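# Breakdown of the fold
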Amino acid sequence: MKPGRLIAVVGPSGVGKDSVMRGINEVLPQSHLVRRVITRAPELGGEVYDPVTVPEFQAMARDGAFVVHWGAHGLHYGIPVSVRYQLNKGTDCLANFSRGALTAGADAFDNFLVLNIIASPKTLASRLAARGRETPDEIAKRLAQAVKPLPQGLNVITLSNDGDLSQTVARAVSALQPASV
Ligand SMILES: Nc1ncnc2c1ncn2[C@@H]1O[C@H](COP(=O)(O)OP(=O)(O)OP(=O)(O)O)[C@@H](O)[C@H]1O
Ligand SMILES: O=P(O)(O)OC[C@H]1O[C@H](OP(=O)(O)O)[C@H](O)[C@@H]1O
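Anyway, here's the lowdown on the structure attached to this text. Quick caveat: nothing in here was measured; it's all calculated off a predicted structure.

## Overview of the site of ligand 2
- Surrounding ligand 2, one finds 16 residues, the nearest of these being R40, Y77, N96, S98 and R142.
- Note that an oxygen atom of ligand 2 is positioned 2.7 Å from one of the side-chain N or O atoms of K148.
- Relative to its unbound accessible surface of 430 Å², ligand 2 loses 97% to contact with the protein.
- The cavity where ligand 2 resides is the largest pocket.
- Considering only residue class, the shell around ligand 2 consists of four nonpolar, five polar and seven charged.

Next comes the structure, spelled out in structure tokens:
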């Protein structure tokens, strides 16, 4: 059985990674949305995740519960090893990833593809403000980290999400074909 692709969705905070991932999954329900483990309070929403405390996260990392994990915005994020079960049965998996963890991801997964979502600074600022998950101070810090180069040598699809979400999703689905997402 051909393993599924780990599709790492990256881009600046507020660009629409989770929205694009959910849209792709609606069009291609045979794909799998990876549920991350995050040291974020449970009630904050924005994506479906497994909330844990920092000591819990550290114990999980020590015990080998993650394929890849990273820190950003004062939080810890982990991709659970259960993703390997999905990949091994040929399912393509969509994971909200960190640009800083792409090299580790490419090392960890055989079939690794990057979906790089971009948008203008003006779009990012208005979307983060409208989402309302972070404070204005946290939003300013996220915007300051909007530009980050991707590592060389990866298989990358870049798409703008400045326009309609449905159009971005349609372009993403088309770019991900003809493989069996
Ligand atoms: N094309 C779009 N047009 C209008 N609003 C959008 C579009 N894409 C996403 N949004 C909205 O922008 C906000 C940020 O989107 P989302 O949470 O998906 O971004 P993200 O990249 O996953 O952010 P983060 O990395 O901070 O979690 C959400 O409120 C979402 O509904
Ligand atoms: O800036 P880079 O390293 O690409 O991404 C860092 C982190 O920012 C976002 O976190 P959140 O989902 O907004 O909390 C991403 O999901 C990633 O985990």
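Text resumes after the structure shown.
## Details of the pattern of salt bridges
- Inspection of the entire model under this criterion finds eight salt bridges.
- Here R35 makes a salt bridge to D50, at a shortest N to O gap of 2.8 Å. One end of the pair, R35, is in the loop between β2 (32-33) and β3 (37-38); the other, D50, is in strand β4 (residues 50-51), and 15 residues separate them in sequence.
- On the basis of relative accessible area, R35 is assigned to the partly exposed category, the value being 42%.
- Through salt bridges that share partners, R131, R133, E134 and R142 make up one connected network.

## Quick notes on unusual backbone geometry
- The phi dihedral of H73 is positive, around 55°, even though this residue is not glycine.
- Along the chain, H73 turns up in the loop between β5 (66-72) and β6 (75-80).
- A residue is classified by how much of its surface remains accessible, and H73, at 34% relative accessible area, is partly exposed.

## A word on the side chain of K17
- You can see K17 is positioned in helix α1 (residues 17-27).
- Buried charge without a partner: K17 forms no salt bridge, and the closest opposite charge is D18, 6.5 Å away.
- Side-chain polar atoms of K17 contact the backbone oxygen of P12, separated by 3.2 Å.
- Here K17 is in contact with V9, V10, G11, P12 and N96, once residues within four sequence places are set aside.

## Let's talk about the layout of surface pockets
- Estimated volume of the largest pocket: approximately 580 Å³.
- Lining the largest pocket are 33 residues; nearest its centre among them are P12, S13, G14, K17 and N96.
- Looking at the lining of the largest pocket, the elements that each hand over two or more residues are α1, β5 and α5 (121-131).
- Among the elements that make up the lining of the largest pocket, the one with the highest residue count is α1 (four residues).
- For the lining of the largest pocket, the per-class residue count stands at eight nonpolar, 13 polar and 12 charged.
- There is about 250 Å³ of room inside the second largest pocket.
- The wall of the second largest pocket is formed by R40, L44, H73, L75, R133, E134, E138, K141, R142 and Q145.
- Element by element, the count of residues in the lining of the second largest pocket is highest for helix α6 (residues 136-144), at three residues.

Thresholds applied
Residues numbered from 1 in each chain as written. Chains lettered and ligands numbered in written order. Predicted model: local features only at pLDDT ≥ 70, side-chain atom pairs only at ≥ 80, totals over all residues. Heavy atoms only, no water. Near = heavy atom within 4 Å. Polar contact = N/O pair within 3.5 Å; in protein donor to acceptor, adjacent residues only side chain to side chain. Areas by Shrake-Rupley, 256 points an atom, 1.4 Å probe, with all protein chains shown as cover. 1 Å grid on protein atoms, 1.4 Å probe; cavity = no way out; pocket = protein on both sides within 12 Å on 5 of 7 lines; lining within 4 Å. Sits in = over half its atoms within 2 Å of the grid points. Nonpolar A, V, L, I, M, F, W, Y, C, P; charged D, E, K, R; others polar. Salt bridge = Lys/Arg side-chain N within 4 Å of Asp/Glu carboxyl O. Helix = DSSP H or I, 4+ residues; strand = E, 2+ residues; numbered from the N terminus. Buried < 20%, exposed > 50% of the residue type's maximum accessible area, 1.4 Å probe, protein only. Lys, Arg positive; Asp, Glu negative; His and termini not counted. Contact = heavy atoms within 4.5 Å. Points joined across faces, edges and corners; volume = space filled by probe spheres on them.

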